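# Overview (structure and organization)
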Amino acid sequence: MKLFHLSDLHLGKRVYAFSMLSDQRYVLEQVCALAERHQPDGILLSGDLYDKPIPPVEAVQLLDEFLTSMQQMGIAVYAISGNHDSAGRVDFGSRILQQQNLHICGAFDGKLYHVSKEDAFGEIHFYLLPFLKPATVSAFREGGESLTYAEAVKWALETVDIDTTKRNVLLAHQFVTWKGTAEESDSETKTLGGVDEMDASLFFDFDYVALGHLHSPQRIGRDTIRYGGSPLKYSFSELRQKKGVTLVEIQEKGNVTTEFLPLEPLHPLREIKGTLADLLEAAEEAGGSEDYVRAILTDEGAVYDPVGRLRVYYPNLMTLEMAQRGESQRDLSLEMDQEQLSGPALFAGFFEKQNDREMDVAQKALVEKIWQDLGGVEE
């Protein structure tokens, strides 16, 4: 059986205020083209389908188009929710979709979701474990002490009898490491103290483990326990990562091979560094670029309108930093339009980064009232 392993689509994501939707559409079209070429039997989507619990309409439409393309090609879909998703929203319609060979598990209901298929080598079992917190498991346990993330996942895995003589595939979206080691990036949500970390040995009973959460494609402990990685670079800390689809081929028990199929971005991420004069001269010679750019200026003193002058050649300049300062300082004008730089808007952005969700209507109204009571004046 051939499978595509993909994760962390983060549909609807914005990077430095730049919408990634056109880039995401571009890369998903490549996945469809690869599917036509390699003819996989199924695709494993290991969580973070969306970037926000309440995704924009365009992101929902894009996922709908992608899943429809898979269905039209006769490719089974196995998908779980990640920590960025709303489990309940991802679950909507899942029972109906099972009839179309789309198996989507958004919320854990007290028992590990399981579906069986047949191929030339017999039965193959797929287990779908959406992103799990200890509190989620506590709702299904009778009393007892609180669990760690690792203990919660172990408990969930033990809710079904897994026949290890058969071939078993697991989808999971957790912070899995091998003896405390894994390659991370800045665009991933981190938990203070690494309390959500668990070791890959927890999954050794499975023939292939399709992980989501970390954005770098990588093996964890074994070749058959892998992060699919995000299909696009969502942070400059991912600059040197190779993005793609993992092609998994499962034959008889114990015979699993993987192949990395690269994906090309619509707008590559690029970092440029030097004085403003040198960067402008090089850009003029090259004729500019629509790449997503991070510029680091090494000028000794102040320079006039570096953002505007660089954007003549680099319209997708995402961030500009001054190398000579003790700490790199991002120009806020690159992250949001000037009309968004009010106190409430800045606080809303801070709230979203801290809580991984937007403020609700009541919270926004309260912040606006406090702002008005203070005079609504920027310091």
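Predicted, not measured: the structure shown is a model, and the values here were computed from it. (Residues numbered from 1 in each chain as written. Predicted model: local features only at pLDDT ≥ 70, side-chain atom pairs only at ≥ 80, totals over all residues. Heavy atoms only, no water.)

## Comments concerning the overall build of the chain
Scanning the chain from terminus to terminus reveals ten helices and 19 strands. Going through the 379 residues of the chain one by one, you find that 47% of them count as buried. Of all intrachain contacts in the chain linking residues separated by at least 6 positions in sequence, the fraction that spans at least 24 positions is 67%. Accessible surface, the chain: about 18800 Å² in total, of which carbon and sulfur atoms supply 49%. (Helix = DSSP H or I, 4+ residues; strand = E, 2+ residues; numbered from the N terminus. Buried < 20%, exposed > 50% of the residue type's maximum accessible area, 1.4 Å probe, protein only. Contact = heavy atoms within 4.5 Å. Areas by Shrake-Rupley, 256 points an atom, 1.4 Å probe, with all protein chains shown as cover.)

## Focus: the sheet that holds strand S13 (residues 218-220)
Strand order in this open sheet of six strands is S7-S8-S9-S12-S14-S13, and the pairing throughout is mixed. Every interior strand has two partners, whereas the edge strands, strand S7 (113-119) and S13, have only one. Each strand of the sheet is rotated relative to its neighbour by a mean of 30 degrees, with strand direction disregarded. Strand direction decides the pairing type here: strand S8 (residues 122-129) and strand S9 (residues 167-173), joined by six bridges, are parallel. Residue pairing for S9: Ile-124 is matched across the bridge by Arg-167. (Pairing = 2+ DSSP bridges. Axes fitted to C-alpha atoms, helices over the stretch in contact; angles between N-to-C directions.)

## Focus: the pairing of strand S18 (residues 292-297)
Counted residue by residue, S18 has five buried out of six residues, so it is predominantly covered. Both strand S17 (residues 269-274) and S18 contribute to a ladder of six bridges, which runs parallel. Following the sheet pairing, Glu-271 is matched in S18 by Arg-294. Once the chain exits S17 it traverses helix H7 (residues 276-286) before rejoining the sheet at S18, and the crossover so formed is right-handed. (Right-handed = clockwise from strand over helix to strand, strands pointing away.)

## Side note on the nonpolar core
Ranked by size, the top nonpolar core spans 42 residues in total, and within it Phe-4, Leu-28, Val-31, Ile-43, Leu-45 and Phe-66 carry the most contacts. Listing elements by their share of this core, those giving two or more residues are strand S1 (2-6), helix H1 (21-38), strand S4 (42-46), helix H2 (57-72), strand S5 (76-80), strand S6 (102-105) and strand S15 (244-250). In terms of residue count, the dominant contributor to this core is H1 (seven residues). Not counting chain neighbours up to four residues away, the residues in contact with Leu-45 comprise Leu-6, Phe-66, Leu-67, Val-77, Tyr-78, Ala-79, Ile-80 and Leu-171. Counting 27 residues, the second-largest nonpolar core is a separate cluster that includes Leu-132, Tyr-149, Ala-156 and Val-176. (Core = buried A, V, L, I, M, F, W, Y, C linked by side-chain atoms within 4.5 Å.)

## Side note on the side chain of Arg-226
Mapped onto the fold, Arg-226 is located in strand S14 (residues 222-227). Despite its burial, Arg-226 remains without a salt bridge, the nearest opposite charge being carried by Asp-223 at 4.0 Å. If near-sequence neighbours (up to four positions away) are discounted, Arg-226 is found in contact with His-5, Tyr-208, Val-209, Ala-210, Leu-211, Gln-218, Arg-219, Thr-246 and Thr-258. (Lys, Arg positive; Asp, Glu negative; His and termini not counted. Salt bridge = Lys/Arg side-chain N within 4 Å of Asp/Glu carboxyl O.)

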